[in-house]
Amino acid sequence: MTILAASALTGGIAIITLDNPPVNALSAPLRASLLRELQQALADSAVEAVVILCAGRTFIAGADITEFGKAPQPPSFAELFALIEQAPKPVIAAIHGTALGGGFELALACHYRVAAETAKVGLPEVHLGLLPGAGGTQRVPRLVGAEAALDIITSGRQIRAKEALSLGLIDTLVPDGNLRESAIAFARDVVARGSARPRARDHEVWTVVDRKRPVIFSDFAAKNARRFKGFAAPDAIIAAVQAAVDLPFEEGLARETALFEHLVATPQSAAQRHVFFAEREAARVPDVSADTEILDIRSVGVIGAGTMGGGITMNFLNAGIPVTLVEMTQEAIDRGVAVIRRNYEATVRKGRMSAEQVEQRMGLISPGLDLATLADADLVIEAVYESLDVKREIFGKLDRIAKPGAILASNTSFLDLNRIAEATSRPEWVIGLHFFSPANVMRLLEVVRGAATAKPVVATAMRLAKRIGKVPVLSGVCDGFIANRLLAPRGAQAEAMMLEGTPIDAIDRALVEYGFAMGHFQMMDLVGLDVIGRDSTERTVMGELVACGRLGQKRGAGYYDYDDTRRPSESGITSELIRDVAATRGIRPDATSGDEALLARLLYPVVNEGAKILEEGIALRASDVDIAAILGYNWPVYRGGPLFWANQIGLGRIVAEMRELEGRYGEAFCPTDLLVRLADKGRGFGETA
Ligand code: COA
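Quick caveat, the model's predicted, so the values are computed rather than measured.

Peer 1: Any chance you could explain the site of the ligand here in plain terms?
Peer 2: Near the ligand you find 22 residues, and of these R57, A63, I65, R280 and R284 are the closest. One nitrogen or oxygen atom from the side chain of R57 is found 2.6 Å from an oxygen atom belonging to the ligand. A distance of 2.6 Å is found between an oxygen atom of the ligand and a side-chain nitrogen or oxygen belonging to R280. For the ligand, the protein covers 75% of the area, taking 860 Å² as the surface of the free molecule. Counting residues per element, the ones that place at least two in the shell around the ligand are β5 (98-100), α3 (101-109) and α13 (267-281). Considering every element that reaches the shell around the ligand, the biggest residue donor is α13, with three residues. Looking at the shell around the ligand residue by residue, the classes come out as 11 nonpolar, five polar and six charged.

Spelled out as structure tokens, the structure:
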């Protein structure tokens, strides 16, 4: 049997070391071991104080998320924490790495918290659609006040040890690498001073103050309404923190438990837990084993300093990796570099970066006009406009310039990567790295594997993604890869409905109500209609808008008109263009109304496309499709992505409704074989049984 918790006694101090790799999640077996060790230590007359310490990379990083939503296994958190809190001897948590969620709640139930300087603490349950259900919402407000507690718990942010100390969440900071000895010394000191056992539950200073200011809660909810929109957990957190202020500890705890139990049973939380594991699963490529060689990427070349190239460059600068940025003209390179600087300066104004950090990052760029300067780059990313001929020409040149062993990547968003690779004599070194706009912000990176791409190149790209803060999703080669292809039918339906006379703001509103940050047309305007525009033989509204200079938000006009604060309003010009294009194409007015009908029309074809992407082996797994939609297109995380959402609706119902829509609107609604097969078997995407 694996030993999860073990004790050692040194000079009257019992050290209980927990060891449950990789992150010491507080699973039922670990709770049981810890309970046993604690009981023994507390019963041992030679023990004067107890230190709880973790082996490996981190202190307990939370409850075991896989246990949520299942029948609770003993011992409960409450039982364990009560033993600690009521212990007749001081219990001290010694924290390194990240003490998160249930792990930090355990530390809060201890009498003291000693943390290594680089440690971080936090309550990230909100990201799982939950609240901290083991006393976190009751103990934190007592230690730091309701306002700080609301910020900490609704943001789920990781708090550095230094800030945690100044807030009063921990008692002392100790040097890294010396945690064990320092915690023992701390424990001895506590014993020498009379073994006081302060408990967070008994702190009254803040609750007395906060009780006099009930507006804190309504103000906080109002101020953050936009951020919390659609999510259930933040409101529950506010209610729980209010209970901490208003009620005695045990009653507040009971309220917290009730709120937690409600949240854990919601589809939202199930969706967010699905996303947590899906993000991590996405990095795994079944036929590329964990021991595949990873190439060292120390310098990067980026070709093209436009919107995409600039954003891509910033990712590497942020990670401290130097970038040689190449453009065609001096003017273009100057403009590209200036935009990067401006972006950083905006971050400085928001207080999220120092002027010095900007200079450090800017100092990592080597701008130039000559592809030959890329000869030493370990990775070159081409980010020029979407023309197969241009890209093939560039890759042909790169083939002659780049050193052997360099990875040659294209940021193409829909072109055939294999055709690009064929322009080189080394297609095994060619890969797609498809960033999403704005490339320095969006977390999705589609790693496109060509027919010849070598495994170390795939493995390196997946690893590199994490290094630059992205979540990689592996895609095969097809038009649009995963995310763009998946969402294209949504765009097609939005445009079809627009031409049938459905107001574009009604379409956008249905999507926003569903949980998207913005609607289809708002998004097109944001990205820029000229950036998206593809050649089309048909007259399109987008083409017409571009032709008359309505390129989107950046020009103050696209599908919508924009005022100085970028607020959209309906445009008479666009409405007329829509009527005109509809008339030339012979489309009869047939507006769709009602959110449910609009959503079925907009999103069922996305589900269907996801099924096709799986059927063709373009995506490795259903959850990758969900991640691509969530991180590439801001699909609402609390819906879990299109395929998770489809599972929740029931594939049988979707197939039935699609057949009806197919009768009316045609082929776009013809359910694909996989969808029908799963529906017939009563199964969902990604379900094996
Ligand atoms: N329960 C179960 N498994 C967990 C877990 C938890 N609380 N936290 C992490 N894991 C697993 C991950 O799924 C991953 O498993 P895998 O290797 O099989 O994919 C592994 O531990 C490592 O996690 P990962 O996130 O890849 O490592 P990291 O070093 O990048 O980050 C943490 C470490 C702790 C910061 C991060 O895992 C995290 O935020 N965990 C969740 C914390 C949380 O939400 N706790 C609240 C629950 S009460």
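Peer 1: I would appreciate a short explanation of the UniProt feature "domain: 3-hydroxyacyl-CoA dehydrogenase NAD binding" (unreviewed entry) in the protein in the present structure.
Peer 2: Here the UniProt feature "domain: 3-hydroxyacyl-CoA dehydrogenase NAD binding" (unreviewed entry) sits at residues 300-474. The distance separating the terminal C-alpha atoms of residues 300-474 is 21 Å; by composition the span is 42% helix and 20% strand.

Peer 1: Would you take a moment to explain the nonpolar core for this structure?
Peer 2: Note on soluble globular proteins: their nonpolar side chains tend to be buried together. Of all hydrophobic cores here, the largest spans 75 residues; its most connected members are V50, L106 and L169. Ranked by residues supplied to this core, first place goes to helix α11 (residues 233-246) with seven residues. With sequence-adjacent residues up to four places away left out, L169 is seen in contact with F104, L108, R113, V140, L143, V144, I152, I159 and A164. By size, the runner-up hydrophobic cluster in this structure holds 74 residues, among which are L511, A600, V607 and V655.

Peer 1: Which parts of the structure should I look at to understand helix α9 (residues 215-223)?
Peer 2: Each α-helix winds once per 3.6 residues, and so residues spaced three or four apart point in a common direction. For α9, every residue scored as buried is listed here: I216, F217 and F220. In a view along the axis of α9, the buried residues occupy a sector of 95°, so they form one face of it. Where α9 is buried, its residues contact α5 (146-155), α8 (205-211), α10 (225-228) and α11.

Peer 1: Teacher, can you tell me more about the side chain of E105 here?
Peer 2: Its place among the elements puts E105 in helix α3. Buried charge E105 goes without a salt bridge, the closest partner of opposite sign being R139 at 6.4 Å. Setting aside its immediate chain neighbours within four residues, E105 contacts F81, L123, E125, P132, G133, A134, G135 and G136.

Rules of the game
- Residues numbered from 1 in each chain as written.
- Predicted model: local features only at pLDDT ≥ 70, side-chain atom pairs only at ≥ 80, totals over all residues.
- Heavy atoms only, no water.
- Near = heavy atom within 4 Å.
- Polar contact = N/O pair within 3.5 Å; in protein donor to acceptor, adjacent residues only side chain to side chain.
- Areas by Shrake-Rupley, 256 points an atom, 1.4 Å probe, with all protein chains shown as cover.
- Helix = DSSP H or I, 4+ residues; strand = E, 2+ residues; numbered from the N terminus.
- Nonpolar A, V, L, I, M, F, W, Y, C, P; charged D, E, K, R; others polar.
- UniProt positions renumbered as here; feature names shortened; annotations may be inferred.
- Core = buried A, V, L, I, M, F, W, Y, C linked by side-chain atoms within 4.5 Å.
- Buried < 20%, exposed > 50% of the residue type's maximum accessible area, 1.4 Å probe, protein only.
- Contact = heavy atoms within 4.5 Å.
- Arc of directions from axis to C-beta.
- Lys, Arg positive; Asp, Glu negative; His and termini not counted.
- Salt bridge = Lys/Arg side-chain N within 4 Å of Asp/Glu carboxyl O.

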